[in-house]
Amino acid sequence: MIIHGFNKTTLLDYPGKLACSVFTGNCNFRCVFCQNASLVLEPENEPVISDREVLDIIEKRKNILQGVCISGGEPTLDPGLRDFIIKVREIGLPVKLDTNGYMPDVLEGLLRDGLLDMVAMDIKSDLEGYAEIAGLDHFDRERVQKSVDIIINSGVEYEFRTTVVKEYFTEKTAVGIGEWLNGAKALYLQAFRDSDDVMVQGLHGYDSEDLLRFRDILRRYIEKVEIRGTDAG
Ligand code: SF4
């Protein structure tokens, strides 16, 4: 697997666990609010850390770590993903996969073979706004729908998460996502944070009050809806 980033310790990326995070490059989306634009657009210009080196560090820290989060970019595009996960599991640590859900067959295979302990899937928007936010000319909604269904029915711990950007998210978006994911277990609303590496410059986040309003709308449909990245609770 081609690894472009490695965070040896995090309490943020794997809920309830002291974990390390591994970041792959490349993506099949071009989300307007992507925080890792350089990793997505020009992975060849990003530093590479050998997976052997990363696995050695994980092995050495296995008594401290409680899990490994694999994120990106989009990890399901990397042909080495499965082997890497198998090696992490041989070390004895659970694996969480972050994905945009656009490679449902890869996801299905990993879940079917019991290789994942948790999945976090981005929900970019309601289905109507998906193509625009994901930056795709041709968006195949069936692929995202398939991943949602696979995850909900997998029996594995999961969460959906949505980055909330003022220019693209309204109450209508919240209702659309709620109706779509009705009955799902958990959705996290992530406050948008601007930076120099965001795909489209000039976007804005909502304040806490607005995020709470969206949270309350979504709670009509989804068991657990929480906000991340702000003081709002
Ligand atoms: S935010 Fe979008 S473009 Fe960026 S890595 Fe995630 S899915 Fe890919």
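Residues numbered from 1 in each chain as written. Predicted model: local features only at pLDDT ≥ 70, side-chain atom pairs only at ≥ 80, totals over all residues. Heavy atoms only, no water.

1. Some points on helix α2 (residues 51-60)
Each turn of an α-helix holds 3.6 residues, which means side chains three or four residues apart point in the same direction.
Then, in step 1: Of the positions making up α2, those classed as buried are Val 54, Leu 55, Ile 57 and Ile 58. Each buried residue of α2 lies within a common arc of 160° when the element is viewed along its axis, so the set occupies one face. (Buried < 20%, exposed > 50% of the residue type's maximum accessible area, 1.4 Å probe, protein only. Helix = DSSP H or I, 4+ residues; strand = E, 2+ residues; numbered from the N terminus. Arc of directions from axis to C-beta.)

2. Re the side chain of Thr 10
Then, in step 1: One can find Thr 10 in strand β1 (residues 3-10).
Then, in step 2: The exposure class of Thr 10 is buried, given its relative accessible area of 7%.
Then, in step 3: Polar contacts involving the side chain of Thr 10 include one to the main-chain amide nitrogen of Asp 13, which spans 3.4 Å.
Then, in step 4: When sequence neighbours within four positions are dropped, the list of residues in contact with Thr 10 reads Lys 17, Leu 18, Ala 19, Cys 20 and Ser 21. (Polar contact = N/O pair within 3.5 Å; in protein donor to acceptor, adjacent residues only side chain to side chain. Contact = heavy atoms within 4.5 Å.)

3. Here's the deal with the pattern of salt bridges
Close approach of charged atoms allows side chains of opposite charge to pair.
Then, in step 1: Going through the model one piece at a time under the given rule, you end up with 17 salt bridges.
Then, in step 2: Residue Arg 112 pairs with Asp 113 through a salt bridge whose shortest N-O separation is 3.4 Å.
Then, in step 3: Classification of Arg 112 by relative accessible area gives exposed; the value is 61%.
Then, in step 4: Its salt-bridge partner being Lys 172, residue Glu 128 comes within 3.3 Å of it at the nearest N-O pair. On the criterion of sequence distance, the pair formed by Glu 128 in the loop between β5 (118-122) and α5 (130-134) and Lys 172 in helix α7 (residues 171-180) is long-range, its members being 44 residues apart. Of the two residues examined, Glu 128 and Lys 172, each falls in the exposed class.
Then, in step 5: The network of salt bridges with shared partners includes Lys 96, Asp 98, Asp 122, Lys 124 and Arg 161. (Salt bridge = Lys/Arg side-chain N within 4 Å of Asp/Glu carboxyl O.)

4. Some words on the packing of aromatic side chains
Then, in step 1: In the structure shown here, the tally under the stated rule is 8 aromatic pairs.
Then, in step 2: Ring geometry for Tyr 130 and Trp 180: centres 5.9 Å apart, planes at 80°, overall edge-to-face. With Tyr 130 in helix α5 and Trp 180 in helix α7, this pair connects stretches of sequence that are 50 residues apart.
Then, in step 3: Residue classification places Trp 180 among the buried residues on the basis of a relative accessible area of 15%. (Phe/Tyr/Trp six-rings, centres within 6.5 Å; stacked < 30°, edge-to-face > 60°.)

5. Side note on the nonpolar core
Then, in step 1: Ranked by internal contacts, the top residues of the largest apolar core, which has 72 residues, are Ile 58, Phe 84 and Phe 160.
Then, in step 2: Per element, the largest residue contribution to this core is 5 residues, and it comes from helix α3 (residues 81-91).
Then, in step 3: In this structure Ile 58 touches Phe 6, Cys 20, Leu 65, Val 68, Phe 84, Val 88, Ile 91 and Leu 93, once residues within four positions along its chain are discounted. (Core = buried A, V, L, I, M, F, W, Y, C linked by side-chain atoms within 4.5 Å.)

6. What to know about the pairing of strand β8 (residues 224-228)
Then, in step 1: Here β8 shows a buried face lined by Val 225 and Ile 227 and an unburied face lined by Lys 224, Glu 226 and Arg 228.
Then, in step 2: Sheet analysis places strand β7 (residues 186-191) next to β8, joined by 5 bridges and oriented parallel. By the bridge assignment for β8, Leu 187 is matched with Val 225.
Then, in step 3: Between β7 and its parallel partner β8, the chain crosses via helix α8 (residues 208-218), and the hand of that crossover is right-handed. (Pairing = 2+ DSSP bridges. Right-handed = clockwise from strand over helix to strand, strands pointing away.)

7. Concerning helix α4 (residues 104-112)
Then, in step 1: For α4, the complete set of buried residues consists of Pro 104, Leu 107, Gly 109, Leu 110 and Leu 111.
Then, in step 2: Directly after α4, the chain includes Gly 114, whose backbone phi takes a positive value near 65°.

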